[in-house]
Amino acid sequence: MTTDGSHLPRYTLTIRPNAPLFVDDEICLEITARFLPRNGDQLNFDGPDGCTLVADVTGIFHYFDVEELAEPQINVEAIAHPSTEDDANELLDPVRLIEWAQPFQFVAATPSPQSVAAAAGAVDIDARKPDDQTWEQWAQQIRALRTTLPAIG
């Protein structure tokens, strides 16, 4: 089981909105918690600025690979609950997702490559996050560039 330094289980949570704008739209979070969710569980995240995300767990997958993984990997799949669909769609923006996840001590945002490329392209920078930059630093850079670009239209 993948664990952090305190030996708590860690898993990847992938949440799909009910009506994604693009086929690959998803919210990806790395969660550290005392317990792993079960199929059918509902996960509630009361985030900052009233942005609440509720996810209904639809599947749990355990991966074991002797050649590529030092520890088993756990992936939890979920769909956004209809009551929080608007907030889920808001969190498809990688900058918003990173900023939203920051106050949670047990949650780390992992934006999808396609959302990172779209956000970077919109401010005309390289679509990849530099290796020496944290996601939080990357989000701050994108946020700063968004506020300095002239409005289109």
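About the cut-offs
- Residues numbered from 1 in each chain as written.
- Predicted model: local features only at pLDDT ≥ 70, side-chain atom pairs only at ≥ 80, totals over all residues.
- Heavy atoms only, no water.
- Helix = DSSP H or I, 4+ residues; strand = E, 2+ residues; numbered from the N terminus.
- Buried < 20%, exposed > 50% of the residue type's maximum accessible area, 1.4 Å probe, protein only.
- Contact = heavy atoms within 4.5 Å.
- Core = buried A, V, L, I, M, F, W, Y, C linked by side-chain atoms within 4.5 Å.
- Axes fitted to C-alpha atoms, helices over the stretch in contact; angles between N-to-C directions.
- Parallel < 35°, antiparallel > 145°, perpendicular 65-115°, else oblique.
- Left-handed = near helix turned anticlockwise from the far one by under 90°.
- Nonpolar A, V, L, I, M, F, W, Y, C, P; charged D, E, K, R; others polar.
- Pairing = 2+ DSSP bridges.
- Phe/Tyr/Trp six-rings, centres within 6.5 Å; stacked < 30°, edge-to-face > 60°.
- pLDDT = per-residue confidence, 0-100.

**Brief notes about the overall build of the protein chain**
When its secondary structure is counted, the protein chain shows 4 helices and 6 strands. Shown N-terminal to C-terminal, the secondary structure of the protein chain runs as helices and strands in the order β-β-β-β-β-α-α-β-α-α. Here the protein chain holds 153 residues, and the buried ones make up 37% of them. Sequence-distant contacts, at least 24 apart, represent 52% of the contacts inside the protein chain between residues at least 6 apart.

**A word on the nonpolar core**
Counting 33 residues, the largest nonpolar core has Leu13, Ile15, Ile27, Leu29, Phe45 and Trp100 as the members making the most contacts within it. Excluding anything up to four places from it in sequence, Ile15 contacts Glu26, Ile27, Leu29, Leu53, Ala55, Ala78, Ile79 and Ala80.

**Concerning the environment of Asn75**
Residue position: Asn75 is located in strand β5 (residues 73-80). Between the C-alpha atom of Asn75 and that of Ile60, which follows or precedes it by 15 residues, the distance is 5.9 Å. Not counting the four nearest positions on each side in its chain, Asn75 is found in contact with Thr12, Gly59, Ile60, Phe61 and Tyr63.

**Digging into the packing of helix α2 (residues 94-101) against helix α4 (residues 135-148)**
Packed helices, taken two at a time, are described by the angle their axes make and the gap between the axes. At a minimum axis separation of 9 Å, α2 and α4 run at an interaxial angle of 130°. As judged from the angle between their axes, α2 and α4 are oblique. In terms of crossing hand, the pair formed by α2 and α4 is left-handed. Contacts between α2 and α4 involve Pro94, Val95, Ile98 and Glu99 from the first element and Trp135, Glu136, Trp138, Ala139, Ile142, Arg143 and Arg146 from the second. Taken together, the residues of the contact of α2 with α4 break down into 7 nonpolar, no polar and 4 charged.

**A short note on the sheet that holds β5**
One open sheet holds the 6 strands; their spatial order is β3-β4-β5-β1-β2-β6, and the pairing between them is mixed. The open sheet is flanked by β3 (42-46) and β6 (107-109), the only strands paired with a single partner. Taking the axes of each pair of neighbouring strands and ignoring which way they run, one obtains an average angle of 35° across the sheet. Bridge analysis of strand β1 (residues 10-16) against β5 gives 5 bridges, and the strand direction is parallel. Residue Thr14 lies in a different strand from β5, and its bridge partner there is Glu77.

**As for α2**
α2 sits mainly inside the fold: 7 of its 8 residues count as buried. Buried within α2 we find Pro94, Val95, Arg96, Leu97, Ile98, Trp100 and Ala101.

**Here's the deal with the packing of aromatic side chains**
Scanning the entire structure with this criterion turns up 5 aromatic pairs. Between Phe45 and Phe104, the aromatic rings sit 6.0 Å apart at their centres with planes inclined by 85°, giving edge-to-face as the arrangement. Of the two residues, Phe45 sits in strand β3 while Phe104 sits in the loop between α2 and β6, which places them 59 residues apart along the sequence. The same class applies to Phe45 and to Phe104, which are both buried. The structure contains a cluster of three or more aromatic residues connected by ring pairs, namely Phe45, Trp100, Phe104 and Phe106.

**Re the confidence of the model for the protein chain**
For the protein chain, the mean per-residue pLDDT works out to 85, and 89% of the residues sit at or above 70. The spread of mean pLDDT over the elements of the protein chain runs between helix α3 (residues 113-122), the lowest at 84, and β3, the highest at 96.

**Re the pairing of strand β2 (residues 27-32)**
Of all 6 residues in β2, 5 are buried; the element is thus mostly enclosed. Here β1 runs beside β2; their pairing, made up of 6 bridges, is antiparallel. By the bridge assignment, Ile15 is partnered in β2 with Ile27. Bridge analysis of β2 against β6 gives 3 bridges, and the strand direction is antiparallel. Its bridge partner lying in β6, Leu29 is registered against Ala109.

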